[in-house]
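For reference, the chains in residue letters:
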Amino acid sequence: MKKIAIMTAGGDCPGLNSVIKAVVMSAINKGMVVVGIYDGYIGFVEKRYKVLDKSDVFGIEAQGGTILGASNKECPFHYPVDAKHEHYEDKVASSIRALRKIGVEGMIIVGGDGTLDSARVINEAGMPVIGIPKTIDNDMSASNPTIGFATAIENAAEAIRKVKTTAFSHRRVMVVEMMGRTSGYLTLYGGFAAGADIILLPEIDYNLNVVCNRVKEIMQSGKRYVIIAASEACKEKGKEETIARVVSDSFEQKRYGGIAEKLAREIEEKTGYEARPVVLGHIQRGGEPCTSDILLGARLGDYAVNLLADDRYGYIVGAKENVLFKTRFPKVREPRLLDVEDNDICRTARDMGICFGI
Ligand code: F6P
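Keep in mind it's a predicted model, so treat the numbers as computed, not measured. (Residues numbered from 1 in each chain as written. Predicted model: local features only at pLDDT ≥ 70, side-chain atom pairs only at ≥ 80, totals over all residues. Heavy atoms only, no water.)

Asker: Please clarify how the domain arrangement of the protein chain should be interpreted in this entry.
Answerer: Interfaces are often sized by the amount of accessible area the parts lose when they come together. Per the domain assignment, the segments of the protein chain are domain 1 (3-147 + 289-320) and domain 2 (153-285 + 339-351). Taking only C-alpha atoms into account, the centre of domain 1 sits 33 Å from that of domain 2. Here domain 1 meets domain 2 over a buried area of about 1,300 Å², counting both sides, of which 53% is carbon and sulfur. Looking only at domain 1, the three residues that lose the most surface to domain 2 are Lys73, Ile136 and Asp137, adding up to 39% of its buried area. Arginine 285 is paired through a salt bridge with aspartate 12; the nearest N and O atoms lie 2.9 Å apart. One can count 2 residue pairs in polar contact (both at pLDDT 80 or more) joining domain 1 with domain 2. In terms of residue class, the side of domain 1 that touches domain 2 is built from 5 nonpolar, 7 polar and 5 charged. (Domains from an automatic or database assignment. Buried area = accessible area lost by both parts, 1.4 Å probe. Salt bridge = Lys/Arg side-chain N within 4 Å of Asp/Glu carboxyl O. Polar contact = N/O pair within 3.5 Å; in protein donor to acceptor, adjacent residues only side chain to side chain. Nonpolar A, V, L, I, M, F, W, Y, C, P; charged D, E, K, R; others polar.)

Asker: Please explain the nonpolar core as it appears in this structure.
Answerer: Soluble globular proteins tend to bury their nonpolar side chains together. Membership of the largest hydrophobic core comes to 63 residues, with the highest contact counts inside it found for Ile4, Ile6, Ile108, Ile132, Leu186, Leu201 and Ile227. Here the element with the most residues in this core is helix α6 (residues 149-170); it accounts for 9 residues. Each of domain 1 (3-147 + 289-320) and domain 2 (153-285 + 339-351) accounts for three or more of the residues forming this core. Residues within four places of leucine 201 in sequence aside, it is in contact with Gly184, Thr187, Leu188, Ser231, Cys234, Leu338, Val340, Cys346 and Phe356. Judged by nonpolar contacts, the second largest core, of 25 residues, contains Tyr41, Tyr79, Val129 and Ile316. (Core = buried A, V, L, I, M, F, W, Y, C linked by side-chain atoms within 4.5 Å. Buried < 20%, exposed > 50% of the residue type's maximum accessible area, 1.4 Å probe, protein only. Helix = DSSP H or I, 4+ residues; strand = E, 2+ residues; numbered from the N terminus. Contact = heavy atoms within 4.5 Å.)

Asker: Mind showing me how you'd approach the packing of aromatic side chains here?
Answerer: What characterises a pair of aromatic rings is the spacing of the ring centres plus the angle enclosed by the ring planes. Evaluated as defined, the whole model comprises 5 aromatic pairs. Relative to tyrosine 185, the ring of phenylalanine 149 lies with its centre 6.1 Å away and its plane at 80°, an arrangement referred to as edge-to-face. Of the two residues, phenylalanine 149 sits in helix α6 while tyrosine 185 sits in helix α7 (residues 185-193), which places them 36 residues apart along the sequence. The same class applies to phenylalanine 149 and to tyrosine 185, which are both buried. Put simply, the rings of Phe149, Tyr185 and Tyr189 pair up and form one aromatic cluster. Its guanidinium or amino end placed over the ring of tyrosine 225, lysine 223 lies 4.3 Å from that ring's centre, counting from NZ or CZ. Its guanidinium or amino end placed over the ring of tyrosine 315, arginine 328 lies 4.0 Å from that ring's centre, counting from NZ or CZ. (Phe/Tyr/Trp six-rings, centres within 6.5 Å; stacked < 30°, edge-to-face > 60°. Lys NZ or Arg CZ within 6 Å of the ring centre and 35° of its normal.)

Put into structure tokens, the structure is as follows:
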């Protein structure tokens, strides 16, 4: 292939710019031209392209976000065609035609499950695609870890450590709400690394009495504060998750939020200890990537270019135990679930007496 395109879609995460840099440098050094598609599938459909030179990518590997922009809403085969988003059309064929017209022969699409679902459709419609998984949620079968996860753990742990000093001063219970959607990886790893006392995961429905009793026990033991790391989608046994809003035209329609506020109120009422909610939010996926995300991003970007250069496509490339591998695009989404019985951080936490709310 002589001309390829690269696109980042879904929620952004640290490490994407490292992928872009590796793709651009590796492809240009092989005599290929790289077209950047801006703003995810919006740019794919609306033809927001630019040829990327080496000068566009100098030094970007250490920058957070994505220089190409991203969107975690629009789907190319169900694309809104009016301002009110009442009518939708399949834009895959026309968008492929437009790329072919400027000589693009293959695409590298970096994204989460939803993005790579659409990447499969594009590949099946005749544009050769290599997918690269990324998400701070770390819940994709195609790679373990995913690009962005390591940095998000660092960001979350650093933020929780800051919460601890103010919690100590005020003798407070701090309920820290963490991202991850229905996957508990980020909460487990970030919360554990920051020394959380109680970790509440979407995979384990908690019992409020158990949580409150543990809070009392810790406060009465002489420790001045309690840190609760709570996944945004965790829930009390028999109750529903807390949803902040529904984004109806998105791959993942539910946006979680509100659990920290709810739990802090309940804990204060039931235990008498002062409690405060802290929502870490997008800080977790912001800022510069850590070194391992820079490395993983570059390795996967270069791997993708090498496959396309050899006319091999229809794969997702990922890492497992630090070794790169490729798999065919799955027909149905295959999320990688956190196995709370088998995961060794879970086991270590349990052995160390950290409470999971049950
Ligand atoms: O999937 C990545 C993620 O950051 C989740 O952890 C979080 O629930 C969601 O995206 C937030 O989405 P948005 O950026 O649309 O608010």
